[in-house]
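This is what each chain is made of:
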Amino acid sequence: MSSLSTPAPRPSDAAGPPGGAPLLVLLDPAAKEADGEAVRIARDVLAGGADVKVVVPESAGELDRVLAHRGRRRPVVIGADLALQRVVQALHQQRELGAGPVGLVPVGNGRAVLLARSLGVPLEPVAAARAVLAGVPRQLGLLLDDGDGVVLGEVRIPGRQQSHSGGWRSLWAKLIAAEQVDPQSAQLRVEADGRALTGAGRPLRLVALRLPAGSALAEVLVRPSGPGSALLRVRAASVTVAGRTFGYEADGCPAGPVPARTWLAKPDAWGLLLPA
């Protein structure tokens, strides 16, 4: 892990965040490889408006240690959606997720920053950095599974076979149109708030769930296999999937295999700095 502290600028040079909150900038190593210029610009803007300490955690253990010893510094992520998810996961495990909002400067292309786009974070580095310095916190929800894992975006069973762009609205429209299906059907039982949506032996082509912004309930989509099968779409506070051991995709990353998994909707679980 490497770190770099940037001295606080003179008052005449900066218009920092309310209260002059010092920042802990967590730079994902992959971000420098993806777009080193965007990273440099974001660091310059942040350093011009706040007392900044930049660290490059190279493992989950290092990330945990840095966050645990951050003091008053506000976490700011420079990287793709996956880097944000890792920081939120670490803060959740430390029971610090409600301590204050997180900042994000997205670095990446296409699907790598799909979540950031859907949350309203500017994708341009200067605008995103300014939102960190002068934006307002917005409370957001997440899905929490029974293995203590957080999901900021979407769960899919099975995982996506090809990437799509266009944000959540476009993605879910394609799901409803059955444009994203896996040739392998899974025999799983899906329950929403204890109510069975499918039988244990019925093959499924797709299960997807997410927590829409501003909602206290998760949105669940289930498409059974077979011709003429209707898409099921419900909302629930708790969703359980069980059956044969299965893998799934959470926030774009493969997970499992597990014999069963339950996700709970957690509204207003964390805060993100967004443009005023």
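Novice: Residue-level account of the overall build of the protein chain, with values.
Specialist: When helices and strands are tallied, the protein chain shows 6 helices and 15 strands. Here the contacts in the protein chain between residues at least 6 apart in sequence split such that 68% fall between residues at least 24 apart. With the model as given, the accessible surface of the protein chain reaches about 12,600 Å², and the carbon-plus-sulfur share is 50%.

Novice: Before we move on, could you go through helix α2 (residues 60-68) and cite the residues and values that matter?
Specialist: Listed in full, the buried residues belonging to α2 are Glu62, Leu63, Val66 and Leu67. The buried side chains of α2 occupy one side of the element, clustering within an arc of 130° when seen end-on. In this structure, the buried side of α2 is in contact with β2 (23-27), β3 (52-56), β4 (74-79) and α3 (81-93).

Novice: Give me the lowdown on α3, citing residues and values where you can.
Specialist: Over its 13 residues, α3 extends 18 Å from the first C-alpha to the last, a length consistent with the 18 Å expected when each residue adds 1.5 Å. For α3, a buried count of 10 out of 13 residues is recorded, marking the element as mostly surrounded by other parts of the structure. The complete set of buried residues in α3 reads Asp81, Ala83, Leu84, Gln85, Val87, Val88, Gln89, Ala90, Leu91 and His92. Arg95 sits one or two positions beyond α3 and adopts a positive phi of about 55°.

Novice: Residue-level account of the packing of helix α1 (residues 29-47) against helix α5 (residues 125-134), with values.
Specialist: Contact geometry for α1 and α5: axes closest at 9 Å, N-to-C directions at 30°. It follows that α1 is roughly parallel to α5 by the angle criterion. Judged by the sense of rotation from one axis to the other, the crossing of α1 with α5 is right-handed. Listed contacts from α5 to Ala38, Ile41, Ala42, Val45 and Leu46 of α1 are Pro125, Val126, Ala129, Arg130, Val132 and Leu133.

Novice: Explain unusual backbone geometry residue by residue, including any values.
Specialist: Geometrically, the link from Ile157 to Pro158 is a cis peptide bond, its omega value of -10° lying close to zero. The residue Pro158 is located in the loop between β8 (154-157) and α6 (167-176) in this model. Between Gly256 and Pro257 the backbone carries a cis peptide bond, its omega angle lying at 5°. Looking at the secondary structure, you find Pro257 in strand β15 (residues 253-274). A positive phi angle is found at Asp148, which is not glycine, with a value near 70°.

Reading guide: rules and limits
- Residues numbered from 1 in each chain as written.
- Predicted model: local features only at pLDDT ≥ 70, side-chain atom pairs only at ≥ 80, totals over all residues.
- Heavy atoms only, no water.
- Helix = DSSP H or I, 4+ residues; strand = E, 2+ residues; numbered from the N terminus.
- Contact = heavy atoms within 4.5 Å.
- Areas by Shrake-Rupley, 256 points an atom, 1.4 Å probe, with all protein chains shown as cover.
- Buried < 20%, exposed > 50% of the residue type's maximum accessible area, 1.4 Å probe, protein only.
- Arc of directions from axis to C-beta.
- Expected span 1.5 Å × (residues − 1).
- Axes fitted to C-alpha atoms, helices over the stretch in contact; angles between N-to-C directions.
- Parallel < 35°, antiparallel > 145°, perpendicular 65-115°, else oblique.
- Left-handed = near helix turned anticlockwise from the far one by under 90°.

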